[in-house]
Structures are given as C-alpha cells and as structure tokens.
Amino acid sequence: MKRIISVILCVLCCITLFGCSGKKPGTKMNIYYVNVERNALVQEEYYRQEEELERSIQEVIKALKNPESQKEVKSAFPKGVKIDSFRVNSQYLELVFNEEYRQMSKSTEVLLRAAIVQTLVQLPEIRYVSFYIGDEALRDLSGNVIGYMSAEDFLQNTGSSL
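If you're wondering where the values come from, they're calculated on a predicted model, not measured in any experiment.

Basis of the calculations
- Residues numbered from 1 in each chain as written.
- Predicted model: local features only at pLDDT ≥ 70, side-chain atom pairs only at ≥ 80, totals over all residues.
- Heavy atoms only, no water.
- Pairing = 2+ DSSP bridges.
- Helix = DSSP H or I, 4+ residues; strand = E, 2+ residues; numbered from the N terminus.
- Contact = heavy atoms within 4.5 Å.
- Axes fitted to C-alpha atoms, helices over the stretch in contact; angles between N-to-C directions.
- Buried < 20%, exposed > 50% of the residue type's maximum accessible area, 1.4 Å probe, protein only.
- Right-handed = clockwise from strand over helix to strand, strands pointing away.
- 1 Å grid on protein atoms, 1.4 Å probe; cavity = no way out; pocket = protein on both sides within 12 Å on 5 of 7 lines; lining within 4 Å.
- Points joined across faces, edges and corners; volume = space filled by probe spheres on them.
- Nonpolar A, V, L, I, M, F, W, Y, C, P; charged D, E, K, R; others polar.

Visitor: Got a minute to help me understand the sheet that holds strand β7 (residues 136–137) in this structure?
Guide: Within a sheet, each strand pairs with its neighbour through backbone hydrogen bonds, oriented either parallel or antiparallel. The strand order across the open sheet formed by four strands is β4-β5-β6-β7, and the pairing between neighbours is mixed. In this open sheet, the two strands that pair with only one neighbour each are β4 (83–89) and β7. Relative to β7, strand β6 (residues 128–133) runs antiparallel, the two being bridged by two bridges. Note that in β7 the partner of Y132 across the bridge is A137. Sitting on the sheet, helix α2 (residues 53–65) is in contact with β4 and β5 (92–97), with an inclination near 140° to β4. In the packing of helix α3 (residues 106–120) onto the sheet, the strands contacted are β5 and β6, and the crossing angle to β6 comes to about 140°.

Visitor: Help me understand unusual backbone geometry in this model?
Guide: Residues apart from glycine generally show negative phi values, whereas peptide bonds are mostly found in trans. Even without glycine at this site, R38 takes up a positive phi of about 60°. By the secondary structure assignment, R38 is in the loop between β1 (27–35) and β2 (41–48). The backbone phi angle of S90 is positive, close to 60°, even though this residue is not glycine. Locating S90 in the fold gives a position in the loop between β4 and β5.

Visitor: Would you explain the pairing of β6 in this entry?
Guide: Looking along a regular strand, one sees side chains alternate from face to face of the sheet. For β6, a buried count of five out of six residues is recorded, marking the element as mostly surrounded by other parts of the structure. One ladder, built from six bridges, connects β5 with β6; its direction is parallel. Bridge pairing links V96 to Y132 in β6. The handedness of the β5 to β6 crossover, carried by α3, is right-handed. Remark: two residues form the turn of the hairpin made by β6 and β7, two consecutive strands paired antiparallel; G134 in that turn has positive phi of roughly 65°.

Visitor: Explanation requested: the layout of surface pockets in the structure shown.
Guide: Vacant regions in the atomic arrangement are exposed by a probe of water-molecule size rolled over the atoms. Roughly 230 Å³ of volume is contained in the largest pocket. If you go around the largest pocket, the residues you meet are Y101, R102, M104, K106, E109, I133, E136, A137, L138, R139, D140 and L141. Going through the elements one at a time, α3 and β7 are the ones with two or more residues in the lining of the largest pocket. Split by residue class, the lining of the largest pocket holds six nonpolar, no polar and six charged.

Okay, structure coming up:
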C-alpha cells in the first residue's frame, strides 16, 4: 500500500514539474495607452500569446482596447471608435475604422494613431500601418492622404503631454 502511494506521489510530482516547465510566457512587447489625463502615451509590458499573424493582430488590438491596470492608464480608443476590419499585405497593415473615428478631437486622434502604430509595428511582420474610415483613406486637415505610418513618424517622448 505504501509502495502504491509512493508511486502515485512520484507520478504527480513529475506531472507537476514537467507541466509547469513547458509553459512559455509569450512574446514580450509594449502596448501603448494614454495616461489618466488622456494627454500623453504610456507604455506597459505585454506578453503576446498568439504566433500566427492575424490572430496576433487581433490579440494586440484587444489588449490596446482593454488595459490590465485601468487605474494608471486608459485605452487610447475613445468610446464608440472601433476597428471594423484589417488587411495585411506583406509588411503593410491597413486598419478600417467605423465612422465614429471622425468625431474625435485632433489631440485624441493623434494619440490614438500613435498608440496603435507604435504598438502594432512591434509585430515582426508589420512595418507600416495605414488608417481608413470605411473605404476612404485617412486625410490630414489639408485633405492630403496620410498614408502608411511607422513608429518613426511619432515623437518618442512617452509620458510627456501634448
């Protein structure tokens, strides 16, 4: 009887030991949010679990919308603004937003673009991101198409306000 209990305990220990060691935490990256005052970007460490590109994009977009520590940071997404779909072509990611995107203030819009672009270009397969509202490419105040953006298109002084 003691022998059977000893064998069972050994098996349980082995399962516990090997079960924990095989689990990987994911791929480390930074997610960009806005501070509580909503006037500056703040980055937080994030461990991405998905490996396949489209699922990784979906996971990261979900993380952008739902920060883990909502007392210190907020999502850069204003209420009602949603990504309806996305397309990937080589290193280029195109995000299609709903019409609510047009309702944002300029400062909110710039912070949202910076948070999204600086976060998503950390995926190894993505280098550039462009924004669409429906079928229309995002334009600046002069009516010029903004086009593809990279992390270098935004100031890197995270934590300082606009």
